[in-house]
Amino acid sequence: MTIPKSFPARGAASAPSAVGSYPAVRMRRNRRADWSRRLVSEHTLSADDLIWPLFVIEGERRHEPVASMPGVERLSVDLIVEAAREAEGLGIPAIALFPNTDPKLRTDDAREAVNPDNLVCRATRAVKKAGVDVGIVLDVALDPYTSHGHDGLLVDGEIRNDETVAVLVRQSLVQVEAGADILAPSDMMDGRIGAIRRALEDAGHTGTQIMSYAAKYASAFYGPFRDAVGSGGLLKGDKRTYQMDPANSDEALREVALDLAEGADMLIVNPGLPYLDIVRRVSETFRVPTFAYQVSGEYAMLMAAADKGWLDADNAILESLLAFKRAGASGVFTYFAPHAAKLLR
Ligand code: PBG
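A short tour of the structure in this document, coming up.

Scoring rules and cut-offs
Residues numbered from 1 in each chain as written. Predicted model: local features only at pLDDT ≥ 70, side-chain atom pairs only at ≥ 80, totals over all residues. Heavy atoms only, no water. Helix = DSSP H or I, 4+ residues; strand = E, 2+ residues; numbered from the N terminus. Buried < 20%, exposed > 50% of the residue type's maximum accessible area, 1.4 Å probe, protein only. Contact = heavy atoms within 4.5 Å. Areas by Shrake-Rupley, 256 points an atom, 1.4 Å probe, with all protein chains shown as cover. Near = heavy atom within 4 Å. Polar contact = N/O pair within 3.5 Å; in protein donor to acceptor, adjacent residues only side chain to side chain. Nonpolar A, V, L, I, M, F, W, Y, C, P; charged D, E, K, R; others polar. Axes fitted to C-alpha atoms, helices over the stretch in contact; angles between N-to-C directions. Parallel < 35°, antiparallel > 145°, perpendicular 65-115°, else oblique. Left-handed = near helix turned anticlockwise from the far one by under 90°. Patch = residues over 30% accessible without salt bridge, like charges linked within 9 Å, V, L, I, M, F, W, Y side chains within 5 Å. Salt bridge = Lys/Arg side-chain N within 4 Å of Asp/Glu carboxyl O. Lys, Arg positive; Asp, Glu negative; His and termini not counted. Charge placed at Lys NZ, Arg CZ, Asp CG, Glu CD. 1 Å grid on protein atoms, 1.4 Å probe; cavity = no way out; pocket = protein on both sides within 12 Å on 5 of 7 lines; lining within 4 Å. Points joined across faces, edges and corners; volume = space filled by probe spheres on them. Pairing = 2+ DSSP bridges. Right-handed = clockwise from strand over helix to strand, strands pointing away. Arc of directions from axis to C-beta.

Considering the overall build of the chain
Next up, step 1: What the chain contains, in helices and strands, is 11 helices and 12 strands.
Next up, step 2: Taken along its principal axes, the extent of the C-alpha atoms in the chain is 70 × 40 × 40 Å.
Next up, step 3: Within the span of the chain, comprising 345 residues, buried residues form 50% of the whole.
Next up, step 4: A separation of at least 24 residues holds for 74% of the contacts in the chain among residues at least 6 apart in sequence.
Next up, step 5: Accessible surface for the chain amounts to roughly 16,600 Å². Of this, 51% is attributable to carbon and sulfur atoms.

Written as structure tokens, this is what we have:
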């Protein structure tokens, strides 16, 4: 064994990851006691890391279970306000709202997306009016509003990019005027971040944050979400002409670089756990706030196994969330947010 005369600085490229050998070195010494494990732990998870996605429905005092997401309910606007208060009380910094739009309002041109009185806009206004101190993240995409369940406008069997971006810009302005703090474009159209940023600046909304779903994959793990927002049964075909190929990793860096250049403040990698390598590469390469989305299918898998008694739910939840932090994420969208925040207290 060779002992270097002086140890390289922490984090330096040449730093030996381990110096020495057994028995002088026994890795288990630091793990012997709880206090010691806490002392040497490299990453921590707290309520501050969580964003809670919520599904909105029409009505009053209405809550309706999502079959494929046990424990998750769609909530009417008044109950969304209560959920927001719960988030505030638990120290969860932000909620993300997704509408389950009345099927009658879903059209080819997605016009309900630009209605200032649509469900997410009303929910956003209600939370703001109640004075609840949580950030509100609103998705920018057309899938809750189209008759075919796609995130963009479908013309002759093709998702039209630039026509869609024009609608997304109008949707963004309507959402910001309703009180959205963070816009999260999840549609994967080219050029939408730049177009939205220009429109925000022109309208004087210079402080609105854009959290871009920069690396969003065409994933099988979104199934339960589509049940929750009611787009699943409508979806014709798949989203592979706009969402990314799960085979690609370098391409994610290019998507991120473009979105940052166009004015994104923060990024999302979506899905989460199966794409931890992307979280790592993105956070390490760009050093900007990078969020992971533990998507509906990941939630469903954990809950199904826990339901069968095959997993200890609480430990599996906290371990999966900590994994995002270890991979370099600033925070995580998770349907477990309130439960995890309680566990972490
Ligand atoms: C809508 C959207 C989706 C998700 C976030 N925003 C689904 C999709 O693109 O089909 C995934 C969230 C989840 O599965 O929990 N564009």
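More follows now that the structure is in view.
What about the site of the ligand?
Next up, step 1: Lining the immediate environment of the ligand, one finds 17 residues, of which Lys216, Arg226, Lys239, Ser296 and Tyr335 sit closest.
Next up, step 2: A distance of 2.9 Å is found between a nitrogen atom of the ligand and a side-chain nitrogen or oxygen belonging to Ser186.
Next up, step 3: Side-chain polar atom of Arg226 to an oxygen atom of the ligand: 2.7 Å apart, as the coordinates give it.
Next up, step 4: Within the complex, the protein chains bury 100% of what would otherwise be the 400 Å² of accessible surface of the ligand.
Next up, step 5: Those elements giving two or more residues to the shell around the ligand turn out to be β9 (209–216) and α6 (223–229).
Next up, step 6: For the shell around the ligand, the per-class residue count stands at eight nonpolar, three polar and six charged.

Thoughts on the packing of helix α7 (residues 250–262) against helix α8 (residues 276–286)
Next up, step 1: The N-to-C vectors of α7 and α8 enclose an angle of 45°; their axes lie 10 Å apart at closest approach. With respect to each other, α7 and α8 are oriented oblique. Taken as a pair, α7 and α8 cross one another with a handedness that is right-handed. Of α8, the residues touching α7 (which contributes Asp250, Ala252, Leu253, Val256, Ala257 and Leu260) are Ile278, Arg281, Val282, Thr285 and Phe286.

Some thoughts on a positive patch on the surface
Next up, step 1: A cluster of like positive charges, contributed by Arg26, Arg28, Arg29 and Arg31, occupies part of the molecular surface.
Next up, step 2: Tracing the sequence through the fold places Arg29 in the segment before α1 (34–40).
Next up, step 3: For Arg29, a relative accessible area of 44% gives the class partly exposed.

Points about empty space enclosed by the protein
A water-sized probe, rolled over the atoms, reveals where empty space remains.
Next up, step 1: Scanning the model with the defined rule gives three cavities of 30 Å³ or more in all.
Next up, step 2: One number sums up the size of the largest cavity: a volume of about 160 Å³.
Next up, step 3: Those elements giving two or more residues to the lining of the largest cavity turn out to be β9 and α6.
Next up, step 4: By residue class, the composition of the lining of the largest cavity is seven nonpolar, four polar and six charged.

A short note on the pairing of strand β10 (residues 266–270)
Next up, step 1: Within β10, five of the five residues are buried, which leaves it mostly tucked inside the rest of the structure.
Next up, step 2: Neither face of β10 is left uncovered, since the one carrying Met266, Ile268 and Asn270 and the one carrying Leu267 and Val269 both have all their residues buried.
Next up, step 3: Across three bridges, β10 lies against strand β11 (residues 290–294) in parallel orientation. The partner of Val269 across the bridge, within β11, is Ala292.
Next up, step 4: As for the winding sense of the linkage, the β-α-β connection from β10 through α8 to β11 is right-handed.

Observations regarding α8
Next up, step 1: Of all the positions in α8, only Leu276, Ile278, Val279, Val282 and Ser283 are classed as buried. Projected down its long axis, α8 carries its buried residues within an arc of 155°, all on one side.
Next up, step 2: In this fold, the buried residues of α8 make contact with β9, α7, β10, β11 and α10 (313–326).
Next up, step 3: Positive phi shows up at Arg287, right after α8, with a value of about 55°.

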